[in-house]
Amino acid sequence: MAMDPELIELMSSTVSLAPPTSRDVKGKQTFGTAITPRCHIEYGERVLNGDPAKTKVSMGKCILDGVYDITEEWDITLPTPGPLDGRKTFIVEVQQFSDEEGPHHTTVRFGAR
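Keep in mind that what you see is a predicted model, and the values were worked out from it rather than measured.

The rules behind each value
- Residues numbered from 1 in each chain as written.
- Predicted model: local features only at pLDDT ≥ 70, side-chain atom pairs only at ≥ 80, totals over all residues.
- Heavy atoms only, no water.
- Salt bridge = Lys/Arg side-chain N within 4 Å of Asp/Glu carboxyl O.
- Helix = DSSP H or I, 4+ residues; strand = E, 2+ residues; numbered from the N terminus.
- Buried < 20%, exposed > 50% of the residue type's maximum accessible area, 1.4 Å probe, protein only.
- Polar contact = N/O pair within 3.5 Å; in protein donor to acceptor, adjacent residues only side chain to side chain.
- Pairing = 2+ DSSP bridges.
- Contact = heavy atoms within 4.5 Å.
- Phe/Tyr/Trp six-rings, centres within 6.5 Å; stacked < 30°, edge-to-face > 60°.

For side chains bearing opposite charge, pairing can occur when the charged atoms are close. Per the counting criterion, the structure on display carries 3 salt bridges. Here R38 ties to D65 by a salt bridge, and the two come within 2.9 Å at their closest N and O atoms. Linking R38 in strand β5 (residues 38-48) with D65 in strand β6 (residues 56-65), this pair joins segments that are 27 residues apart in sequence. Taking relative accessible area as the criterion, R38 reaches 38% and is therefore assigned partly exposed. For D65, a relative accessible area of 18% translates into the label buried. With its nearest N and O atoms 3.8 Å apart, the salt bridge here joins K61 to E42. With K61 in strand β6 and E42 in strand β5, this residue pair connects regions lying 19 residues apart in the sequence.

Printed below as a string of structure tokens:
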């Protein structure tokens with residue numbers, strides 16, 4: 001199910017997301033071909049509480065137009081201009097959202113390096 005047209009109008013940015021493909025002999029991750037979904041980005045620090053031993057801090061979130069099978073291992077590059085200005089960063093959390101008509105969007109929370 002697609003998002004409401006009113007919400008799609010708010011998605012004025014794109015973000016680059018690339019899946020992990022392999023690791024070299026030193027353990028450095030390599031990534032595959034990136035996708036660039038349309039999104040709405042909100043910046044702002046948020047502490048994500050779950051397991052107290054694994055508290056995470058998010059510096060913002062991307063609300064993606066559509067449902068994507070993204071994990072925290074994916075690479076994310078934020079758009080320019082913006083507060084983190086084209087920076088490669090990391091994914092802190094991924095959530096998929098549904099309503100009575102089915103799945104309609106994915107939210108990716110990101111940190112800052």
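The discussion continues.
Okay, the side chain of H104 next. Position of H104 among the secondary structure elements: in strand β9 (residues 102-110). A polar side-chain atom of H104 sits 2.9 Å from a polar atom in the side chain of H105.

This part is about the sheet that holds β9. Spatial ordering of the open sheet is given by β1-β5-β6-β9-β8-β7-β2, a layout of 7 strands whose pairing is antiparallel. At either margin of the open sheet sits one strand with a lone partner, and together these are β1 (13-14) and β2 (16-18).

Note on placement: R23 falls in strand β3 (residues 20-23). You can call R23 exposed: its relative accessible area is 55%. For R23, the contacting residues outside a window of four places in its chain are K28, Q29 and T30. Reaching out from R23, the side chain makes a polar contact with the backbone oxygen of G27 at a distance of 2.8 Å. A polar side-chain atom of R23 sits 3.2 Å from a polar atom in the side chain of Q29.

Our focus in this paragraph is the packing of aromatic side chains. Taken as a whole and assessed by the stated rule, the structure comprises 1 aromatic pair. Taking 5.9 Å as the distance between ring centres and 75° as the angle between the ring planes, the aromatic pair formed by Y43 and F110 counts as edge-to-face. Within this pair, whereas Y43 is found in strand β5, its partner F110 is found in strand β9, the two being separated by 67 residues in sequence. Note on Y43: relative accessible area 31%, which makes it partly exposed. For F110, a relative accessible area of 0% translates into the label buried.

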